[in-house]
Amino acid sequence: MTIWVGLAVGGSILVSFNWWENYFQIISDKSSPTFLGNLCNDIKECQNILHILSSLLRIVVTACVIGAYVPLAKMDWSILTSIPSRETKIIAIIIGVQLISSALCHWFALAACKMHALRRCFILPLYLASLAVLALLVIPVIVYYQDYRTSLNGTANINFTDYCKVAVDGRNQSLNDSVFLHLVLDVTHTLCFLDMSKIADIGILTGSAVSWWIGFVLVTLHLWKLNVHRIQRTQDLFIRRLYEGAFIEQSLLLNTRFDIQTKERTKKYSEPVMVYLCATMWHETYEEMRNIIISIFRLDKYRPKEDLKFNDFTFEAHIYFDDAFEHVEGSRHLNEYAKNLVEVIKEVYGIFKNIEQKFFRKQQRDPDQKIIQTPYGGRLFINMPQGNNIVVHFKDKEHIRHKKRWSQIMYLYYLLGWKLMTKYYTQKHDTYILALDGDTDFQPASVVLLIDRLRMYPRVGAACGRIHPTGSGPVVWFQKFEYAVSHWLQKTAEHVIGCVLCSPGCFSLFRAEALMDDNVMKTYSTRSTEASHYIQYDQGEDRWLCTLLLKQGWRVEYNAASDAYTNAPMDFKELYNQRRRWGPSTMANVVDLLGSTKIITKRNKSISKPFMFYQLFGMISSILGPATICLLVAGSLTFVLNINSAAALVISVIPPAIYLGLCFKLKSDTQITIAAILSLCYAFLMLTVTISIIGSMLKEKTILTPSSIFIIFMAIIYLITAAMHPQEFNLVFYGFLYIICIPSAYLLLTIYSMVNMNNVSWGTRETKPAAGEAPPPALMPQTRAQKAKSICQWLISWVKCCKKSSQRFQGEQLSRSQDNTAQEPEQLEPEPQNTIVEDITITEEEQGQLDSNIQSWIEMLQSLSSDMKLQEDSLDQEEKEFWEELQKEYLKPLPDDKEKQKKMANELRELRNKINFSFFILNAFWLVATFILQIFNSTFAICIPKIHTLIHYVAFVDTEPKERKKIGSQKSYLQGKRESNSYADSSYSSMEDLETEDNDIESEVTRGPHEEDLV
């Protein structure tokens, strides 16, 4: 007994060495000799090697102990090799459950620590888990002992020691009974030295367990006072990266560091970073502008510039307003959209300035702000109530190149090339740019999460948040679920197994050092000179910028906790035009990445060849999407109309084929109208099929059919994913709308975007508002005088526009051209947002006329701002020279070259035809192959057994092939069964029920267990 106690004490001490390193570091820091400190540093430097060697040593020791125990216990080695199969399976299942559960516990513990839930989701559950384990080990022992005593009915008075001899030592070791019973008896065997029938022995056992638990709590009590960084590194949380699966709760708690916030991290994060908020605007409405302005002022209140308590980051907001000027009677004025922005700023400024004042207090006049004339147009400088600044850059497209990508190039060179490197000399790794759209709504916490991500991981070049579309109506509901699934599954998968391929420009944080890297900012400012450039560069500028970052070895990440809200298209036409841009640009950038797989996998450590294969698989799936949807529709027709599969496939191909031909001949608006009608028809078909499949499952009482499995599998995926995002679980209710709209989204929309690939216009915010919706200028409250003045200005601009329409007709025709047929002048839409084909250049006479009336817009803006007085200021000479040089080098308006525009239109049309031929011929091959398989289904069909329920499945698997019995013997068996059942079951009220049951059994036996169905 003494030897066993000594071995237990020695083994406990040796096991505790796993966690001595944590406490040893604290002792060495407070000890005067340098030996312990040097030893601790040496252990830390070679930590990985020590872990590998210690793991190998533990394996060797375990093997030696087992090898020595067998002969010392006078056992035969055959006992280890002659274990029955059932016992082997039970042992394997127990070990598997232990391994999986401990791994999941370790993973969830890490997630809890990184999510700032250290106390309620890490420490407290592990404390309670230890108590639960002790209770589960002791309570069943006492319960089974008391049950055994009760089963004797008082015939014998047996104590716990006798119980151990009779019930535990004398049990059958074959494990034919319940496995849990044998586990309880094994635990009982370890407690046989105690008499559990005595209160004193029970008290000793309970006291020992409670004392151990209290000691465990006291040793780890320091964890309650730890402060953890957001997204803390795993190596900074725990001393050892390994964990003990058998003692998982003790391993996690004892292995947690005493001081997680190391000196190096504190020193690294003590330096504040500079964040530039850069938003691009064009034709946003009054409400959309108010969303982003409120968000910026909210951030100003969250991080006051003058408050020294907050030194983690400072920020400055810049808004770049495209095409902000209109020219009326030789003078230059801000258009209605730009005026709306000034009104919004004035309104929000007053709200946030007096937000902490009394409600009925008299409002004070806002402080003076600056308005500056610049080479590119104008600038409005606003100092917010808490000291941070908003700078609005009004762009004149006749002075500087417009469109969204050129606005981004404009602020990249201004903020990073001028302010960062020339004027302020700030370190580029401490400077970030937050890209925003003109309607983005965000909270300060979302910005802080993105900043933490980039500060913590130096090789992260960009990080994006969770984008939530806002609005109302079926089109927005569809997008809400689509966005949710995309972020829940696609973006998360890319973040985990590789890199996010697209960090959306509506809410993404970029590192200045990454943007200033070789072949990033310089390449991004490349002018589109080929047809493919317009698709890859201009149609999806945010995705192309991420492509350049990935090629340079930077990582792009996704932060699901950083929420932002943006307005989504609310009508069918605007949605189709938006996706017409996104589809081809996504395909072009992914093809670019796949073509550079060898270089990217060598340069970017986060991207591997399996990840690129995953992207290749996704690309192939996207290409074959239309054909796959045709197969889905064919299956639906077969199920509903009960027709031949081959005939259903032919019928399903006819509507999209006709629509494809019409898209090459009709105008864009007509194409969208036809797509809307077909989408409605497909939606009714999908609704009918879904209800029919559900009804079939209820009627047949089985879920194991291909259609049922598909629907249930998709529903389970969406429900489980939504359950892991409980705050967004309500989006599941939009999933039904998403499912019935699948043919429209993945068939008709794909056809529309591919055929209209040569249309390089922006597509959104170009047309007039929908019926019943007020135009954007009217969204701002106006007086009667302002309305009259606005009408006069509109009439004058309309007259002037008519005079110049004949000169600019040919260029505008290219921007709206669908390549299909020539557009009439009266059918042209407003100028697109993101193509440079139709840029114009003013003449010297017009330039002189503008210079003579250059101050008119300043005076007009000053007259509109009564509460916020605008003081005219000027640029310093050095900055003025910078803008002039930048305009000359990169941003000079392009010449109005009609021949070049015509040539580019032809190149875009040719590129469209080549890509469409390859795209749709691959879909045709896929459909033809499926059609041939449908015709020869008897030859190529796969036979699977017909299974009704899980019980049938188990019976089918466990039943070995047997010879069919004779029908006579079956009838005699059934007759005997009928007679026995008639006596045993008194619940049958008549013989008709019994005969019905017998007939069912007879039919099942006659059919046999091997009948198969062709699927």
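What counts as what
Residues numbered from 1 in each chain as written. Predicted model: local features only at pLDDT ≥ 70, side-chain atom pairs only at ≥ 80, totals over all residues. Heavy atoms only, no water. Helix = DSSP H or I, 4+ residues; strand = E, 2+ residues; numbered from the N terminus. Buried < 20%, exposed > 50% of the residue type's maximum accessible area, 1.4 Å probe, protein only. Contact = heavy atoms within 4.5 Å. Areas by Shrake-Rupley, 256 points an atom, 1.4 Å probe, with all protein chains shown as cover. Phe/Tyr/Trp six-rings, centres within 6.5 Å; stacked < 30°, edge-to-face > 60°. Lys NZ or Arg CZ within 6 Å of the ring centre and 35° of its normal. pLDDT = per-residue confidence, 0-100. 1 Å grid on protein atoms, 1.4 Å probe; cavity = no way out; pocket = protein on both sides within 12 Å on 5 of 7 lines; lining within 4 Å. Points joined across faces, edges and corners; volume = space filled by probe spheres on them. Nonpolar A, V, L, I, M, F, W, Y, C, P; charged D, E, K, R; others polar. Pairing = 2+ DSSP bridges. Salt bridge = Lys/Arg side-chain N within 4 Å of Asp/Glu carboxyl O. Expected span 1.5 Å × (residues − 1). Patch = residues over 30% accessible without salt bridge, like charges linked within 9 Å, V, L, I, M, F, W, Y side chains within 5 Å. Axes fitted to C-alpha atoms, helices over the stretch in contact; angles between N-to-C directions. Parallel < 35°, antiparallel > 145°, perpendicular 65-115°, else oblique. Lys, Arg positive; Asp, Glu negative; His and termini not counted. Charge placed at Lys NZ, Arg CZ, Asp CG, Glu CD. Disulfide = S-S within 2.5 Å.

Undergrad: Honestly, the overall build of the protein chain in this entry has me stumped. Any pointers?
TA: From N to C terminus, the protein chain includes 40 helices and 15 strands. Evaluated residue by residue, the protein chain yields a buried proportion of 43% over its 1015 residues. Contacts in the protein chain between residues at least 24 apart in sequence constitute 79% of all its contacts with a sequence separation of at least 6. Carbon and sulfur atoms make up 63% of the accessible area of the protein chain, which amounts to about 54100 Å² in all.

Undergrad: So what exactly am I meant to see when it comes to unusual backbone geometry here?
TA: Negative phi is the rule for most residues except glycine; trans is the rule for most peptide bonds. Positioned with a positive phi, Lys403 is a non-glycine residue whose angle comes to about 95°. Even without glycine at this site, Asn642 takes up a positive phi of about 55°. Within the secondary structure, Asn642 is located in the loop between α26 (625-641) and α27 (645-663). A residue is classified by how much of its surface remains accessible, and Asn642, at 69% relative accessible area, is exposed.

Undergrad: Whenever I open this one, the packing of aromatic side chains confuses me. Can you help?
TA: Given two aromatic rings, their pairing is described by the distance between the two centres and the angle made by the two planes. One pass over the full model with this rule turns up 29 aromatic pairs. Note on Tyr414 and Phe882: the rings are 6.4 Å apart at their centroids and 40° apart in plane angle, and the pair reads as tilted. Here Phe882 lies in helix α35 (residues 877-891) and Tyr414 lies in helix α16 (residues 404-424), a separation of 468 residues in the sequence. Comparing Tyr414 with Phe882, the two get one shared label, buried. By the ring-pair criterion, three or more aromatic residues cluster together here, those being Tyr127, Trp212, Trp213, Phe216 and Trp224. If you follow Arg401 out to its NZ or CZ, it ends over the ring of Trp406, 4.5 Å from the centre. Taking the ring centre of Trp554 as reference, the NZ or CZ of Arg459 above it sits at 3.9 Å.

Undergrad: Looking at this structure, I do not really get the confidence of the model for the protein chain. What am I missing?
TA: Low pLDDT marks regions whose predicted coordinates should not be analysed in detail. Across the protein chain, pLDDT averages 78, with 77% of residues at or above 70. Across the protein chain, strand β11 (residues 507-511) holds the top mean pLDDT of 96, while strand β15 (residues 1012-1014) sits lowest at 35. This stretch, residues 261-267, has a pLDDT under 50; its non-local contacts, to residues over four places away or in other chains, come to 8 contacts. Note that pLDDT drops below 50 for residues 767-844; the model gives that stretch 147 contacts with residues more than four away or on any other chain.

Undergrad: When you look at empty space enclosed by the protein in this model, what are you seeing that I'm missing?
TA: To find the voids left in a structure, one rolls a probe of water-molecule size over its atoms. For the structure on display, the rule yields 9 cavities of 30 Å³ or more. As a volume, the second largest cavity reaches approximately 90 Å³. Taken together, Gln408, Tyr411, Leu412, Ile433, Ala435, Gly505, Phe510, Leu515, Tyr524, Glu541, Asp542 and Leu545 form the lining of the second largest cavity. Elements that contribute at least two residues to the lining of the second largest cavity include exactly α16, β8 (431-437) and α22 (541-551). Class assignment of the residues belonging to the lining of the second largest cavity gives a composition of 8 nonpolar, 2 polar and 2 charged.

Undergrad: Sorry, what's going on with the pairing of β8 here?
TA: The two faces of a sheet get side chains in turn, since along a regular strand they alternate between them. Here β8 lies mainly inside the structure; 7 of its 7 residues are buried. Residues Thr431, Ile433, Ala435 and Asp437 point to one face of β8 and Tyr432, Leu434 and Leu436 to the other, with burial holding for every one of them. In terms of strand pairing, strand β1 (residues 273-281) meets β8 through 7 bridges, oriented parallel. Each bridged residue has a counterpart across the sheet, and for Ala279 the counterpart in β8 is Leu436. Taken together, the 5 bridges between β8 and β11 define a ladder with antiparallel strand orientation. Looking across to β11, one finds that Ile433 is bridged to Phe510.

Undergrad: I would appreciate a short explanation of the environment of Ala463 in the present structure.
TA: Its location among the elements puts Ala463 in strand β10 (residues 460-470). The spatial distance from the C-alpha of Ala463 to the C-alpha of Pro504 is 9.3 Å, given a sequence separation of 41 residues.

Undergrad: Help me understand the pattern of salt bridges, please; the structure alone is not making it clear to me.
TA: Close approach of charged atoms allows side chains with opposite charge to pair. Within this structure, the stated rule accounts for 21 salt bridges. Between Lys397 and Asp323 there is a salt bridge; the shortest N-O distance is 3.9 Å. One end of the pair, Lys397, is in the loop between β7 (389-395) and α16; the other, Asp323, is in the loop between β2 (313-321) and β3 (325-328), and 74 residues separate them in sequence. The burial state of Lys397 is the same as that of Asp323; both residues are buried. The residue Asp437 makes a salt bridge to Lys404 at a minimum N-O spacing of 2.9 Å.

Undergrad: Before we go on, may I ask you to explain helix α6 (residues 85-114) in this structure?
TA: Given 3.6 residues per turn, any residue in an α-helix points the same way as the ones three and four places further on. In this model, α6 (30 residues) spans 43 Å end to end at C-alpha, consistent with the 44 Å of a helix rising 1.5 Å per residue. When α6 is considered as a whole, its buried residues turn out to be Glu87, Ile90, Ser102, His106, Ala109, Leu110, Ala112 and Cys113. Considering only its buried residues, α6 is in contact with α7 (118-151), α9 (179-190), α11 (234-237) and α12 (248-254). Just past α6, the residue His116 takes up positive phi, approximately 65°.

Undergrad: Which parts of the structure should I look at to understand the environment of Lys880?
TA: Assignment of secondary structure puts Lys880 in helix α35. Counting along the chain gives 505 residues from Lys880 to Pro375, while the straight-line C-alpha distance between them is 7.0 Å.

Undergrad: Explain the side chain of Gln887 here, please?
TA: Tracing the backbone shows Gln887 in helix α35. The class for Gln887 is buried, based on a relative accessible area of 10%. In contact with Gln887, not counting residues within four places along its chain, are Pro375, Tyr376, His399, Ile400 and Lys892.

Undergrad: Just to check I follow, could you spell out a nonpolar patch on the surface for this structure?
TA: Together, Ile83, Ile91, Ile95, Leu99, Ile100, Leu104, Trp107 and Phe108 make up an exposed nonpolar region whose accessible area comes to about 810 Å². Along the chain, the position of Ile91 falls in helix α6. Classification of Ile91 by relative accessible area gives partly exposed; the value is 41%.

Undergrad: Just to check I follow, could you spell out the packing of helix α31 (residues 742-755) against helix α36 (residues 898-935) for this structure?
TA: The relative placement of two packed helices is expressed as an angle between their axes plus a distance between the axes. Relative orientation of the contacting elements α31 and α36 amounts to 150°, with a least axis distance of 9 Å. Of the possible angle classes, the one that applies to α31 and α36 is roughly antiparallel. Contacts between α31 and α36 involve Thr750, Ile751, Met754 and Val755 from the first element and Arg912, Ile915, Asn916, Phe919 and Phe920 from the second. Of the residues in the contact of α31 with α36, the class split is 6 nonpolar, 2 polar and 1 charged.

Undergrad: Would you mind showing me how to read a negative patch on the surface here?
TA: A contiguous patch of negative charge, built from Asp876, Glu878, Glu881, Glu884, Glu885 and Glu889, is present on the exposed surface. Turning to its location among the elements, Glu884 is positioned in helix α35.

Undergrad: Sorry, what's going on with the state of the cysteines here?
TA: Each disulfide is one covalent bond, formed between the sulfur atoms of two cysteines. Applying the stated criterion across every chain, the model contains 0 disulfides. Here Cys113 stays unpaired: no disulfide links it, and the sulfur of Cys121, its closest cysteine neighbor, is 9.6 Å away.

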